[in-house]
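# Per-entry structural report
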Amino acid sequence: MTDTWDSQLLWYARAVRKMQERPESDPTSWLWQANIHGEKSETPGPNPEWNNCPHGGWFFLPWHRAYLLCFEEIVRDVIQNELRGPDDWALPYWNYTRVTNGDPDSPESLECRRLPGAFRSPDWPDGEGDNPLYLAEPDRSPGAALGAPVAWTEVNPHRAMQAEQFTGVRQFGSEYTDGHLVHSNGQSGLLEMQPHNLLHGYVGGVMLQFFSPRDPIFWLHHCQIDRLWAAWIASNSGHKNPTAADWLGYTHTFRDAQGNKVGFTSKDLQSEEALGYVYESLADGVGLKPPERLVAMVAAGGDPPAEQVASTTGPTDLGPDTLTVPLTPEPSARAGALPEAASPDTEARAILTMDDVRADAPPQTNYRVFVGARPDHEEDLDPEGPYFIGHLHFFGAVGENTHHHGGSGLSFKFDITEHLTELRQLGMWDGEGIPPVVVTPATLGPPPPGAEAEAAALAATPTPPPESRPRIGSVSLTTT
Ligand SMILES: [Cu+2]
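Residues numbered from 1 in each chain as written. Predicted model: local features only at pLDDT ≥ 70, side-chain atom pairs only at ≥ 80, totals over all residues. Heavy atoms only, no water.

### Describing the pattern of salt bridges
Scanning all chains against the criterion turns up 21 salt bridges. One salt bridge in this structure joins R22 and E82, with 2.7 Å as the shortest N-O distance. One end of the pair, R22, is in the loop between α1 (7–21) and α2 (30–37); the other, E82, is in helix α3 (residues 60–82), with 60 residues separating them in the sequence. You can call R22 buried: its relative accessible area is 19%. Overall, E82 belongs to the partly exposed group, its relative accessible area being 39%. With a shortest N-O distance of 3.2 Å, R334 and E340 are connected by a salt bridge. (Salt bridge = Lys/Arg side-chain N within 4 Å of Asp/Glu carboxyl O. Helix = DSSP H or I, 4+ residues; strand = E, 2+ residues; numbered from the N terminus. Buried < 20%, exposed > 50% of the residue type's maximum accessible area, 1.4 Å probe, protein only.)

This is the structure in structure tokens:
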């Protein structure tokens, strides 16, 4: 056996195959389990236990913890009782945030950010095909399939791990969600956005859609997110889960290994030790402080009174190339509105909003957004440089299957106040006119040693398939 396949993954693969053989009507089958999160059908069926994944809200973490726990129990039961394997199998986490020698670009760090080898090999360890952990393009992005690592700037969880509170879009665990409307239309909180959403975007294909648990890597990705939640609580005694009764008392219902219903309240789900598991490390892979320049913040929800400075007049189609969003200045806007907002002496804020972000098929890439950059200067398009403000992704906004967002795609709001202030101070923007808003696909890291050069070049530069039509419905720049 090569080190691509440790025994933990081999037992996982065997159990996945067994679960895939069970009929979809069996609650312990592979498809039923994935349907809990989201069905593949464009017209979701009537089963109330399906299509339940909460995103963009404060139930995201407890719901997925219970989901993992029950899934792990089913897999362990299959391994022990059907495959006559060990009785202590546990779900591994994919530690794509691991950094060795303090260097995110060291060969070991890059290796951690490649889709793990057992998921990229069509074969079982004996060389025979039909490995159930493997998916081919377009069910995964070419970059992930070829083992090009996701950029560190897309997964570094530092900002999330430094968040002081659980609840809020600028906080760790996403914002308040009404228990009757488990699917918030709001924005994701810090951990849910990065690394969670952006990692979904990197793997691409199935992972970009609500039936993402059909990709076996889903469970190892979410185990990592669950570990980062445990690590956030453990790292600082000031880090606390919500104490509101409507969070603590909400019941998340799943199925156990026998197919029986089992419910957990968020309160029950707060301590992994009380639930019977521990992580190997709560200190490894918790992020690195980015350069001071990463200043754009996710803006808080709600709509304060705003003055529109500029906007688009139609959708902006994204593609393989860098583009400048065609913003038209608002004729009625005051000339001083933007520089005023960008002054440290005023309370005014400058907010860049991108609405109805969606695609017809997986675009197989995330996008990076820059303000003030020159689109034809590659050095300006550095995700750790002064022009970078944030990412766009398409998780859950592919095809018709956007029902969780009320059918209107994703919304991204960036508070670029400090960013504009810095550009002025550095002499990169004179305060006149609208600084260009530039969007570019997120490039990946170097391919694994030994990869074919041609495939490698393809992998590192993501090219959305033409039929995917990634686009931004509207963009506006406002001041408050
Ligand atoms: Cu997810």
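### Observations regarding the pairing of strand β2 (residues 261–265)
Bridge analysis of strand β1 (residues 251–255) against β2 gives five bridges, and the strand direction is antiparallel. Residue pairing in the sheet places F254 in a bridge with V262 of β2. What sits between the antiparallel neighbours β1 and β2 is a turn of five residues, in which G259 has the positive phi angle 85°. (Pairing = 2+ DSSP bridges.)

### Notes on unusual backbone geometry
Going from E137 to P138, the amide bond is cis rather than trans, its omega being 5°. Mapped onto the secondary structure, P138 falls in the loop between α5 (117–120) and α6 (142–146). In this chain, Q194 is followed by P195 through a cis amide linkage whose omega measures 15°. With respect to the secondary-structure elements, P195 resides in helix α9 (residues 190–203).

### A few points about the environment of A306
Summarising the element assignment, A306 is placed in the loop between β3 (297–298) and β4 (307–311). Under the relative-accessibility criterion, A306 is labelled exposed at 51%. For A306 and V439, which are 133 residues apart along the polypeptide, the C-alpha to C-alpha distance reads 24 Å. If we skip the residues at most four places from it in the chain, A306 touches T478, T479 and T480. (Contact = heavy atoms within 4.5 Å.)

### Here we look at the coordination of the copper ion
Summarising the metal site, the copper ion is bound by the protein donors H196 (NE2), H200 (NE2) and H222 (NE2), whose distances to it range over 1.9 to 2.1 Å. Read in sequence order, the donor residues for the copper ion give the motif H-x3-H-x21-H. With a gap of 26 residues between them, H196 in helix α9 and H222 in helix α10 (residues 217–235) connect regions that are remote in the sequence. Just as H196 is buried, H222 falls in that class too. (Donors = N, O, S within 2.8 Å, 3.2 Å for Na, K, Ca; no water.)

### Some points on the domain arrangement of the chain
The domain boundaries assigned to the chain delineate domain 1 (7–269) and domain 2 (297–479). For domain 1 and domain 2, the distance between their C-alpha centroids amounts to 27 Å. Contacts between the two partners involve 49 residues from domain 1 and, on the opposite side, 41 residues from domain 2. Between domain 1 and domain 2 the total buried area reaches about 3,500 Å² when both faces are included, carbon and sulfur atoms providing 62% of it. (Domains from an automatic or database assignment. Buried area = accessible area lost by both parts, 1.4 Å probe.)

### Thoughts on α10
Its 19 residues give α10 an end-to-end C-alpha distance of 27 Å, which sits within 8% of 27 Å, the value for a rise of 1.5 Å per residue. In terms of burial, α10 is a largely internal element, 16 of the 19 residues being buried. (Expected span 1.5 Å × (residues − 1).)

### Some words on the sheet that holds strand β6 (residues 323–324)
Spatial ordering of the open sheet is given by β6-β12-β9-β10, a layout of four strands whose pairing is antiparallel. Each edge of the sheet is formed by a strand with only one pairing partner; in this case those strands are β6 and β10 (388–392). Bridge analysis of β6 against strand β12 (residues 437–441) gives two bridges, and the strand direction is antiparallel. Residue pairing across strands places T324 opposite V438, the latter belonging to β12.

### Topic: helix α13 (residues 417–425)
Buried within α13 are the following residues: T417, H419, L420, T421, E422 and L423. The secondary structure elements touched by the buried residues of α13 are α12 (337–341), β8 (350–358), β9 (367–371), β10 and β11 (410–415).

### A look at the packing of aromatic side chains
Taken as a whole and assessed by the stated rule, the structure comprises 26 aromatic pairs. For the ring pair F166 and W229, a centre distance of 6.4 Å and an interplane angle of 55° mean the geometry is tilted. Of the two residues, F166 is situated in the loop between α8 (158–162) and α9 and W229 in helix α10; the sequence distance between them amounts to 63 residues. In terms of burial, F166 and W229 fall into one category: buried. Through a chain of ring-to-ring contacts, the aromatic side chains of W30, W63, Y67, F71, F218, W219 and F254 assemble into a single cluster. (Phe/Tyr/Trp six-rings, centres within 6.5 Å; stacked < 30°, edge-to-face > 60°.)

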